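Architecture at a glance
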Amino acid sequence: MADSPDANEFACRIVDAFRAYNDDFGAITRQAKQRFETRNWIAGQADAAERIDLYDKSVNRAVHVLKRDLGDCSFDKALWHQIRDAYAREITEFADSEFYKTFFSSITRRIFTTIGVDENVEFVALDVEHDAARAGWANLRTYSNRGELGFLIDELLSDYAFAVPYRDIDTTIQFVSAEIEAYVLACHDSSKVLKVEALEAIFYRSTRAYIVGRMEGRDWTAPLVIALKNSDEGILADAVILSDNDVGMLFGITRSYFHVDLETVGAAVSFLKSLMPRKAIAEIYTVLGRAKQGKTEQYRSLMRHLEEAPDQFIRAPGDKGMVMEVFTLRSYNVVFKVIRDHFAWPKSISRRGVMDKYRLVFRRDRAGRLIDAQEFRRLRFPKDTFEQALLDDLLSECGQTCRIENGDVVIEHVYLERCLRPLNLYLREVNEKQEIQAAIDYGQAIRDLARSNIFAGDLLLKNFGVTRHGRVIFYDYDELCLVTECNFRKIPTPRDDMEEMYADAWFYVGPNDIFPEQFINFLGFSEAAKAAFMKHHADLLDADFWNGIKRAHESRGFLEVLPYSAKLWTEHRGGLIVASISES
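Please read all numbers here as calculations on a predicted model, not as lab measurements.

Here we come to the overall build of the protein. Summing up its helical and strand segments, the protein has 18 helices and 19 strands in all. Each principal axis of the C-alpha distribution contributes one length, and for the protein these read about 85 × 75 × 45 Å. Of all intrachain contacts in the protein linking residues separated by at least 6 positions in sequence, the fraction that spans at least 24 positions is 70%. Total accessible area on the protein stands at roughly 26,700 Å², and carbon and sulfur atoms take up 48% of it. Of the charged side chains in the protein, 75 are positive and 91 negative, and the gap between their average positions amounts to 1 Å.

Right under this line is the structure:
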């Protein structure tokens, strides 16, 4: 009889597998600096997609090798219990040990196709909880104000050097200093900045690099994020982001992930949480590119909520969808989206097609207008946590995905998203000023998506939501497609009275044909909201606008959508060109 596999040996092999993944993750991440310096944005987009795919590839590779070498013992839970314990001992003193644990659990869940949690062969939620005390201190650079803020900013910027020089370092220092001083005057009664602390690592995303830190006064602190742009003439400070809300939006769930080379991720998470106390730890992990750890933290938070609160799953507010059954918890800010077994006419997409749309969104720049959807498999919840009407619909309309097993509801596949207020409901609940603002931002959302090569497809208001900041976000992806895949057309002029009287189109309409001038007919805006939309976004109803965007994507391959506004705390611009969304 062959000797039993050595649990310690296989534990060490899984440690090595995670380190290989982490090394590859770091190598891709570190390329961001060169992409910024050379302004190679297309390569940067490819890096982002490659890094997103890396985790699943690494786990699948590890599963394949382990199953091959364990042979008949691959499904021996007693052995895997020993491997898990040996693995826990091996990583006890490691920084970011929660990442190692999540990686291990990903492997065992795929081997055993675990439903819910199997604490015998994986790490339970509390084992991987973020521990600020254990994470230690982030690597910070500290700068003291020795009399003039400009000296402090000069010292700070000199520590963040690139292969490309600053365009005009003196003007950049003046601009950053003036913005900070104007903010302090407006918000802290002329108190001065005493100290600035900034993370050593630079944050990269799309076309910008960010210095991320905080300022301290005598009795106050505030975030400090300096956005750097690499222009034709050199690097300049494009914006100084100082408010909690603006920093929170920069690190938001509707943005693509940062590339930042952190020595200890947990320590940086703790620091960022201090800047954005309302932001969930799960979202911070995710926006740093650690999407799997973000999912783990989200699941842990959800399970803790269900243990501590007498909550119940109910149907989410809004119109019932044709593709998804959408539900939520009464007191938890997340929606759950399960794909229906069958889609009513006129939907022609398949289940696989829906999943491909979500994967498309996951792998590309979301331009601040597409919500991050986390994909979960084989979740288990107590049956009595579901409202009966909702449970009946899940079992009858999503029976391929949902079932009752041993008194629990098992959901084989589900997407979790932040809960937003559906735009159509929001517009009925707010005053006219807020309604007008939402209509304008709805148009801006469509415009921003177009610049990221996304056409929402179904532009009905019910498919958009509103964040707590009043920002309009798109969240219904089954008809989403690339702008470059669409054929935008003007409606032909009827040739005679008979053609003009046809109820349906009298001309040929291809499968990818889009007629923008029809958009406004289906939106259901009030007169005031419609007027505001037309004042700011009438060009969205013109095929020429869309074909211009399409040509730009085809010729240049990249259009910019900034994750912040060009508003300034000062009224002057210090001689700098402040980029805007209309910049080419």
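More follows now that the structure is in view.
Turning our attention to the packing of aromatic side chains. Under the counting rule described, the total for this entry stands at 45 aromatic pairs. Considering the side-chain rings of Phe455 and Trp546, the 5.4 Å spacing of their centres and the 85° angle between planes classify their relative orientation as edge-to-face. Here Phe455 is found in strand 14 (residues 454-455), whereas its partner Trp546 is found in helix 18 (residues 543-556), with 91 residues between them in sequence. Over the ring of Phe112 we find Lys77, and its NZ or CZ is 5.4 Å from the ring centre. Taking the ring centre of Phe258 as reference, the NZ or CZ of Arg205 above it sits at 4.1 Å.

Axis separation between helix 2 (residues 41-70) and helix 4 (residues 97-112) bottoms out at 10 Å; the angle between their running directions is 60°. Judged on the interaxial angle alone, helix 4 and helix 2 are oblique. Regarding helix 2 and helix 4, the two cross each other, and that crossing is right-handed. In this structure, helix 2 uses Tyr55, Asp56, Ser58, Val59, Asn60, Ala62, Val63, Leu66 and Lys67 to contact helix 4, whose residues at the interface are Thr102, Phe103, Ser106, Ile107, Arg110 and Ile111.

Turning next to the sheet that holds strand 16 (residues 472-474). With antiparallel pairing, 3 strands are arranged side by side in an open sheet as 13-15-16. The outermost strands of the open sheet, each flanked by one partner alone, are strand 13 (421-422) and strand 16. Against the sheet, helix 15 (residues 432-451) touches strand 15 (464-466) and strand 16, its axis set at about 40° to strand 16.

This part is about the environment of Ala450. Locating Ala450 in the fold gives a position in helix 15. Separated by 222 residues in the primary sequence, Ala450 and Leu228 have C-alpha atoms spaced 24 Å apart. For Ala450, the residues in contact, after removing those within four places along its chain, are Val483, Trp546, Ile549 and His553.

Mapped onto the fold, Asp393 is located in helix 13 (residues 388-397). If sequence neighbours within four positions are ignored, Asp393 has contacts with Arg315, Lys320, Glu325 and Cys398.

Moving on, we get to the pattern of salt bridges. Inspection of every chain in the model, using the stated rule, returns 47 salt bridges. One salt bridge connects Arg13 with Asp69, and the closest N-O pair in it is separated by 2.2 Å. Of this pair, Arg13 sits in helix 1 (residues 7-38) while Asp69 sits in helix 2; the two residues are 56 residues apart in sequence, bridging distant segments of the chain. In this structure, the salt-bridge partner of Arg340 is Glu397, at a minimum N-O distance of 1.9 Å. In this pair, Arg340 sits in the loop between strand 9 (332-339) and helix 12 (351-362) while Glu397 sits in helix 13, placing the two residues 57 residues apart along the sequence. Glu397 sits in the partly exposed class, given a relative accessible area of 27%. A single network of salt bridges, built from pairs that share partners, joins Arg315, Lys320, Glu325, Arg340, Asp393 and Glu397.

This part covers the pairing of strand 11 (residues 402-405). For strand 11 and strand 12 (residues 408-418), the ladder comprises 4 bridges, and the chain directions are antiparallel. Residue pairing across strands places Glu405 opposite Asp408, the latter belonging to strand 12.

A few words on the packing of helix 1 against helix 2. Between helix 1 and helix 2, whose axes approach to 10 Å, the crossing angle comes to 170°. Of the possible angle classes, the one that applies to helix 1 and helix 2 is roughly antiparallel. Grouping the amino acids of the contact of helix 1 with helix 2 by side-chain chemistry returns 15 nonpolar, 4 polar and 7 charged.

To continue, consider the nonpolar core. Trp80, Tyr87, Ile107, Phe203, Phe251 and Leu272 are the most contacted members of the largest nonpolar core, which has 62 residues in total. In terms of residues, this core owes the most to one element, helix 1, which gives 9 residues. With residues near it in sequence (within four places) discarded, Trp80 still touches Ile14, Leu66, Leu70, Cys73, Ser74, Phe104, Ile107, Thr108, Ile111, Phe112 and Val121. Among the nonpolar cores identified, the runner-up in size contains 58 residues, and Tyr426, Ala445, Phe519 and Ala529 belong to it.

In this section: helix 9 (residues 265-275). Helical geometry: 3.6 residues make up each α-helical turn, so side chains three or four residues apart lie on a common side. Counting buried positions along helix 9 yields 9 of 11 residues, so the element is predominantly enclosed. Along helix 9, the residues classified as buried are Val265, Gly266, Ala267, Ala268, Val269, Ser270, Phe271, Leu272 and Leu275.

Here the focus is the environment of Asp159. Tracing the chain through its elements places Asp159 in the loop between helix 6 (149-158) and helix 7 (169-187). Residue classification places Asp159 among the partly exposed residues on the basis of a relative accessible area of 36%. C-alpha separation for the pair Asp159 and Arg141, spaced 18 residues apart in sequence, amounts to 8.9 Å. When neighbours within four sequence positions are excluded, Asp159 is seen to be in contact with Arg141 and Tyr143.

Here we take up unusual backbone geometry. With an omega of 15°, the peptide bond between Trp345 and Pro346 qualifies as cis. By secondary structure assignment, the location of Pro346 is in the loop between strand 9 and helix 12. Backbone geometry places Arg378, a non-glycine residue, at a positive phi of 55°. We note that Asn453 has phi near 70°; this positive angle belongs to a residue other than glycine. The residue Asn453 is located in the loop between helix 15 and strand 14 in this model.

Conventions and cut-offs
- Residues numbered from 1 in each chain as written.
- Predicted model: local features only at pLDDT ≥ 70, side-chain atom pairs only at ≥ 80, totals over all residues.
- Heavy atoms only, no water.
- Helix = DSSP H or I, 4+ residues; strand = E, 2+ residues; numbered from the N terminus.
- Contact = heavy atoms within 4.5 Å.
- Areas by Shrake-Rupley, 256 points an atom, 1.4 Å probe, with all protein chains shown as cover.
- Lys, Arg positive; Asp, Glu negative; His and termini not counted.
- Charge placed at Lys NZ, Arg CZ, Asp CG, Glu CD.
- Phe/Tyr/Trp six-rings, centres within 6.5 Å; stacked < 30°, edge-to-face > 60°.
- Lys NZ or Arg CZ within 6 Å of the ring centre and 35° of its normal.
- Axes fitted to C-alpha atoms, helices over the stretch in contact; angles between N-to-C directions.
- Parallel < 35°, antiparallel > 145°, perpendicular 65-115°, else oblique.
- Left-handed = near helix turned anticlockwise from the far one by under 90°.
- Pairing = 2+ DSSP bridges.
- Salt bridge = Lys/Arg side-chain N within 4 Å of Asp/Glu carboxyl O.
- Buried < 20%, exposed > 50% of the residue type's maximum accessible area, 1.4 Å probe, protein only.
- Nonpolar A, V, L, I, M, F, W, Y, C, P; charged D, E, K, R; others polar.
- Core = buried A, V, L, I, M, F, W, Y, C linked by side-chain atoms within 4.5 Å.

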